[in-house]
Amino acid sequence: MNTVTQSLEERSTYGKAFLQLFNLWREDNEVKELVFSKRLAKMATQLMQTEGVRIYHDQALFKEGGGGITPWHADQYYWPLETDKTVTAWIPLQATPLEMGPLEFSAGSHEIVAGRELEIGDESEVQIQRNLKVTHYRHVIEPFDAGEISFHSGWVFHRAGANAAKEMRKVMTIIYMDKNMKLKNPENKNQVNDWNTWCPGAKIREIINSPINPVLYAK
């Protein structure tokens, strides 16, 4: 399904970070079984302290051997969602040592407002890193064993290093939102695109209840 034909050298910083595919749950029943896992959805519900979760969308991130960094960013910059009740499950599909560029966090940085307006890229890498250097938030970077899963909320700043290995770093992510999440008035062009792509037919200030945002878990 990958449509990227440019070599790594020809791509932007963001393009070198990974090849990405979306909503694979709609393409394959085995992937759907993982993405619709009630066990994972229950964990997301507990972490967000909500009454249940919907799927926002899934996203496969394949960082090629020799692929570049994933710059510092906060995911929710892209999402036209009314509250911060969001969480992403980051699921590596193989053991991921430091040389393969595992996910890195600034723990607790969801409290920081500066940098939330930045699209992922060279500017976000420089500016957010500069902001984080003067804070007390702990930088967390650890290898992942096969079978380990990480969860992070939408406003946590995170990045990933380059993949210095020859092997592809394969990761599946599932983005959850409060089952009662409402659509907000988009604040940038990316949020407009996300509205049209991941919340088709949703109306501003109403619960996002489109056919591709089903409830995955409810208490």
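(A) Layout of the overall build of the protein chain. A count of helical and extended segments in the protein chain gives 5 helices and 10 strands. Rg of the C-alpha trace for the protein chain: 17 Å, near the compact-globule value of 17 Å for 219 residues, within the 12% margin. Based on the C-alpha atoms only, the size of the protein chain along its principal axes is roughly 45 × 40 × 30 Å. Summarising the internal contacts of the protein chain: among those between residues at least 6 apart in sequence, 84% fall at separations of at least 24. Taken as a whole, the protein chain presents about 11100 Å² of accessible surface, with 50% of it coming from carbon and sulfur.

(B) Representation of the layout of surface pockets in the model. If you add up the space inside the largest pocket, you get close to 520 Å³. If you go around the largest pocket, you meet 28 residues; those closest to its centre are Y14, Q20, Q59, H73 and D75. At the level of secondary structure, the elements contributing two or more residues to the lining of the largest pocket comprise β1 (19-22), β2 (52-63), β3 (70-73), β4 (86-92), β8 (158-160), β9 (169-178) and α5 (189-198). In this structure, the second largest pocket encloses a volume near 230 Å³. Residue lining of the second largest pocket: L47, M48, D84, K85, T86, V87, H110, R116, F151, S153 and W155, and that is the complete set. For the lining of the second largest pocket, the class distribution of residues is 5 nonpolar, 3 polar and 3 charged.

(C) Broad picture of the sheet that holds strand β5 (residues 103-107). The strand order across the open sheet formed by 4 strands is β3-β8-β5-β6, and the pairing between neighbours is antiparallel. The sheet terminates laterally at β3 and β6 (138-141), the two strands that pair on one side only. Averaged over all pairs of adjacent strands, the angle between their axes in this sheet comes to 15 degrees, without regard to strand direction. Pairing between β3 and β8: 2 bridges, direction antiparallel.

(D) Representation of the pairing of strand β7 (residues 150-153) in the model. Residues S150 and H152 of β7 are buried on one face, while the alternating residues F151 and S153, pointing to the opposite face, are not. Relative to β7, β4 is paired through 4 bridges, and the arrangement is antiparallel. Each residue of the ladder has a partner; that of V87, found in β7, is S153.

Rules behind the numbers
Residues numbered from 1 in each chain as written. Predicted model: local features only at pLDDT ≥ 70, side-chain atom pairs only at ≥ 80, totals over all residues. Heavy atoms only, no water. Helix = DSSP H or I, 4+ residues; strand = E, 2+ residues; numbered from the N terminus. Rg over C-alpha atoms; globule rule 2.2 N^0.38 Å. Contact = heavy atoms within 4.5 Å. Areas by Shrake-Rupley, 256 points an atom, 1.4 Å probe, with all protein chains shown as cover. 1 Å grid on protein atoms, 1.4 Å probe; cavity = no way out; pocket = protein on both sides within 12 Å on 5 of 7 lines; lining within 4 Å. Points joined across faces, edges and corners; volume = space filled by probe spheres on them. Nonpolar A, V, L, I, M, F, W, Y, C, P; charged D, E, K, R; others polar. Pairing = 2+ DSSP bridges. Axes fitted to C-alpha atoms, helices over the stretch in contact; angles between N-to-C directions. Buried < 20%, exposed > 50% of the residue type's maximum accessible area, 1.4 Å probe, protein only.

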